[in-house]
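# Breakdown of the fold
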Amino acid sequence: DAKTTQPNSMESNEEEPVHLPCNHSTISGTDYIHWYRQLPSQGPEYVIHGLTSNVNNRMASLAIAEDRKSSTLILHRATLRDAAVYYCILRESGNQFYFGTGTSLTVIP
Amino acid sequence: DAGVTQSPTHLIKTRGQQVTLRCSPKSGHDTVSWYQQALGQGPQFIFQYYEEEERQRGNFPDRFSGHQFPNYSSELNVNALLLGDSALYLCASSFLGKEPYEQYFGPGTRLTVT
């Protein structure tokens, strides 16, 4: 199983940027980096993914280190609706996902 | 367009019994994956079905089995239930032929084993 390491919890003030780190030192050249988030009482939802280059979408940005051993999910302006558990996942060949314990993000009004 | 649906929402079973959980994938999706999420933990991959066959399997015993039907819907069966099988069971669907292989998750079935 591909392994990722994330802080257990983080806090952010509302309307401020949030940087959620993830270490994946054993990543292989073909592993994609995916981020999902899980709001309370819901199934996980896709946030963003990337392979080597930084990525942006309407929800967030993904910054990938040059050696690909770490990545950072960036929420540009945290809102109360962003309070969730964020999972950093390495997608191996075969399309199966192995989740870690994730980072629980608290947004302070 | 309905997303991923799962039934039932909640279920209470007794140790030793058997249970069947059901999942209908998002329209256009051909792959179904099942996950077990214990309280306070991340989802753990059980297995994945594509073209009515089990393609990938996580570290779960043979008591966990599944099936995919021609309409891409899927069932998860768990035999000889243990107390430790109490968890939220999540189904996720995706389209295997297209990046980013984004998985759409259902709301889950909460299984309680007493």
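Residues numbered from 1 in each chain as written. Chains lettered and ligands numbered in written order. Predicted model: local features only at pLDDT ≥ 70, side-chain atom pairs only at ≥ 80, totals over all residues. Heavy atoms only, no water.

### What about the side chain of S74 of chain B?
Structurally, S74 of chain B can be placed in strand 8 (residues 74-78). A distance of 2.9 Å separates the side chain of S74 of chain B from the backbone oxygen of H67 of chain B, its partner in a polar contact. (Helix = DSSP H or I, 4+ residues; strand = E, 2+ residues; numbered from the N terminus. Polar contact = N/O pair within 3.5 Å; in protein donor to acceptor, adjacent residues only side chain to side chain.)

### Examining the interface of chain B and chain A
On the chain A side, the residues contacting the 22 residues of chain B number 18 residues. Both sides of the chain B and chain A interface together cover about 1600 Å² of buried area, and 51% of this is carbon and sulfur. In this structure, the connection of chain B to chain A is made through zero salt bridges. Inspection of the chain B/chain A interface yields three residue pairs in polar contact (both at pLDDT 80 or more). Counting residues per element, the ones that place at least two in the side of chain B that touches chain A are strand 4 (31-37), strand 5 (44-50), strand 6 (53-57) and strand 9 (87-94) of chain B. The dominant element in the side of chain B that touches chain A, judged by the number of residues it contributes, is strand 5 of chain B, at three residues. Of the residues assigned to the side of chain B that touches chain A, the class counts are nine nonpolar, 10 polar and three charged. (Contact = heavy atoms within 4.5 Å. Buried area = accessible area lost by both parts, 1.4 Å probe. Salt bridge = Lys/Arg side-chain N within 4 Å of Asp/Glu carboxyl O. Nonpolar A, V, L, I, M, F, W, Y, C, P; charged D, E, K, R; others polar.)

### Comments concerning the packing of aromatic side chains
Tallied over the full model, the rule gives 12 aromatic pairs over all chains. A centroid spacing of 6.0 Å and a plane angle of 80° characterise the contact between Y36 of chain A and F105 of chain B, whose relative ring orientation is edge-to-face. Taken together, the residues Y36 of chain A in strand 3 (residues 32-38) and F105 of chain B in strand 10 (residues 104-105) connect one chain to another. A relative accessible area of 0% places Y36 of chain A in the buried class. Ring centres of Y98 of chain A and F45 of chain B lie 5.7 Å apart, and the angle between their planes is 70°; on these two criteria the pair is classed as edge-to-face. Of the two residues, Y98 of chain A sits in the loop between strand 8 (84-91) and strand 9 (103-108) while F45 of chain B sits in strand 5, which places them in two different chains. Across this residue pair, the class does not change: Y98 of chain A and F45 of chain B are buried. (Phe/Tyr/Trp six-rings, centres within 6.5 Å; stacked < 30°, edge-to-face > 60°. Buried < 20%, exposed > 50% of the residue type's maximum accessible area, 1.4 Å probe, protein only.)

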